[in-house]
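# Commentary on secondary and tertiary structure
The residues making up each chain are set out below.
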Amino acid sequence: MRRFLKWTLIVLVVVLVMGAIQVFRRLEELGQFTTLEKVSPGQCRVVAAPPGIEDIQIDHAARVAFLSSDDRRANMSGAFVPGAIYALPIDAPDDKPRLLTGAGSGTPAKFRPHGISLYTAPDGARTLMVVNHLTAGSLDTDWQANAVEIFDVTGEGATLALRHRRTVSAPEMSAPNDLVAVSPDSFYVTNMVGSISDLGLGLEMFLNLKRSAVLYFDGANMTRVVEGLSYANGINVSNDGKTVYVAESGGRRLSAYARDVATGALSLAQDGFFGTGLDNIDVAPDGALWIGAHPRMVDFLYHAQDPSKLSPSQILRVEPQAGGAARTLYTDMGGEISAVSVAVEYKGADGVTRFLAGAVFEPKLLACDWTAPTPPGPPAE
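These remarks concern the structure in this document. (Residues numbered from 1 in each chain as written. Predicted model: local features only at pLDDT ≥ 70, side-chain atom pairs only at ≥ 80, totals over all residues. Heavy atoms only, no water.)

What follows covers the state of the cysteines. Scanning the entire structure with this criterion turns up one disulfide. Between Cys44 and Cys368 runs a disulfide, and the two sulfur atoms are separated by 2.1 Å. Around the S-S axis, the bridge from Cys44 to Cys368 shows a dihedral of about 115 degrees and counts as right-handed. With Cys44 in strand β1 (residues 44-48) and Cys368 in strand β24 (residues 364-369), the pair connects residues that are 324 residues apart, well separated along the chain. Residue Cys44 shares its accessibility class with Cys368, and that shared class is buried. (Disulfide = S-S within 2.5 Å. Helix = DSSP H or I, 4+ residues; strand = E, 2+ residues; numbered from the N terminus. Buried < 20%, exposed > 50% of the residue type's maximum accessible area, 1.4 Å probe, protein only.)

In spatial order, the strands read β14-β15-β16-β17; together these four strands make up an open sheet with antiparallel pairing. Since the sheet does not close on itself, it has two edges, and those belong to β14 (232-237) and β17 (266-273), each with one partner. Mean inter-strand twist for the sheet, computed between neighbouring axes without regard to direction, equals 20 degrees. Sheet topology note: the strand β15 (residues 243-248)/strand β16 (residues 253-259) ladder contains six bridges and is antiparallel. Among the inter-strand pairings, Val244 is bridged to a residue of β16, identified as Tyr257. (Pairing = 2+ DSSP bridges. Axes fitted to C-alpha atoms, helices over the stretch in contact; angles between N-to-C directions.)

Before going further, it helps to examine the pattern of salt bridges. Taken as a whole and assessed by the stated rule, the structure comprises 17 salt bridges. Linking Asp70 and Arg72 is a salt bridge whose minimum nitrogen-to-oxygen distance equals 4.0 Å. In this structure Asp70 comes out as buried when scored by relative accessible area, which is 1%. Here Arg165 and Asp152 are joined by a salt bridge, their closest N and O atoms 2.9 Å apart. (Salt bridge = Lys/Arg side-chain N within 4 Å of Asp/Glu carboxyl O.)

What follows covers the nonpolar core. In terms of nonpolar packing, the biggest core is built from 17 residues, with Ile56, Ala65, Leu67, Leu356 and Leu365 touching the most fellow members. Every element with two or more residues in this core is listed here: β2 (53-59), β3 (64-69), β4 (84-89), β22 (340-347) and β24. Here Leu67 is in contact with Ile53, Asp55, Ile56, Ala84, Ile85, Tyr86, Leu88, Pro97, Ile116 and Leu365, once residues within four sequence places are set aside. Listed in part, the 16 residues of the second largest apolar core include Val131, Ala181, Phe187 and Met222. (Core = buried A, V, L, I, M, F, W, Y, C linked by side-chain atoms within 4.5 Å. Contact = heavy atoms within 4.5 Å.)

Turning to unusual backbone geometry, a few remarks are in order. At Tyr231, a residue that is not glycine, the phi angle is positive and equals roughly 55 degrees. Take Tyr231: it is sitting in the loop between β13 (222-229) and β14. Its identity is not glycine, yet Arg252 carries a phi of approximately 55 degrees, on the positive side. Residue classification places Arg252 among the buried residues on the basis of a relative accessible area of 10%.

Attention now moves to a nonpolar patch on the surface. Judged by side-chain polarity, Leu199, Leu203 and Leu207 come together as a nonpolar surface patch covering roughly 280 Å² of accessible area. Structurally, Leu203 can be placed in helix α3 (residues 198-206). (Patch = residues over 30% accessible without salt bridge, like charges linked within 9 Å, V, L, I, M, F, W, Y side chains within 5 Å. Areas by Shrake-Rupley, 256 points an atom, 1.4 Å probe, with all protein chains shown as cover.)

Turning next to the packing of aromatic side chains. Going through the model one piece at a time under the given rule, you end up with six aromatic pairs. Geometrically, the ring pair formed by Trp290 and Phe355 is tilted, given 5.1 Å between the ring centres and 45 degrees between the ring planes. Here Trp290, found in strand β19 (residues 289-294), pairs with Phe355, found in strand β23 (residues 353-359); they are 65 residues apart in sequence, far enough to count as distant. Counting every residue linked through ring pairs, the aromatic cluster contains Trp290, Phe355 and Trp370. (Phe/Tyr/Trp six-rings, centres within 6.5 Å; stacked < 30°, edge-to-face > 60°.)

Below, the structure written as structure tokens:
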């Protein structure tokens, strides 16, 4: 009996030690022990905004930013609070954003926007696509509780409007996060988790199981084009339409996929480890990638539950070519703005290069000036 108790105790200690090691490794993977320092690109200010501007899309020609807003903390309490899409003139970011999804837009009654994507056709016609969660709570993996809403964009300035045209849902799309439109009816979307049950979700997130995927909708059918990802999050396409970029929050990686324009198929071209929880990707007019990031993912989870617990924010700018520079333009411990998820670059009417950043929960935007790097000149003769 004593030998049995002895070996039982040894096994229990080994299991506890191994469990502690696994917890430490996972916390390390989530960046919880990352040392952070304040980084600022120049003059920044906080601008009041609707809550939870998780994603932003800029129409550079019309000089307007589309804002995706969802009061996530209110919804996490269990009471459904509809979200909205707003318009903000980029030359006057202090203005009050104008509601676009109100009466007359045809927006579904159950509307909680997440990722958004603006597509401009060769003839100038514009389409705004929106990931929509139809229930309250933090994550509902019933595919019937998630959809993509497709809006036609009309007018400019005071006449800018959205008109709902189509809803897309499919069993394959059970946990959509972000999307990128590649035509008026087709898009790629990240399915951020692959599990459906609460137990499966817990194991997937804690053990970093690679069950996330990228889906492609060709206007009629939804197919998986990339599998084996760790919490696929932001997604976007290069300005020439030939490369799709995917950010993995769980894997802390950024990948570039060559795109078959005819079939929608994706093949991995290059990827890199960034050591931070990458979120949404914006592609600037010069092709550079702007990425909002969460360097300490556990702090982000605490912040989701309690606004007094701050979550550090980070903004990266990445040159997309092989070997291109990756720069951290902004890092804040969360006091100025917590849990930044998106940053978008634009040139102001005065010629100054600026960017706007939005956050997952807070009712604010960050507006910054910054100095763009000078393009390299021709080689000396």
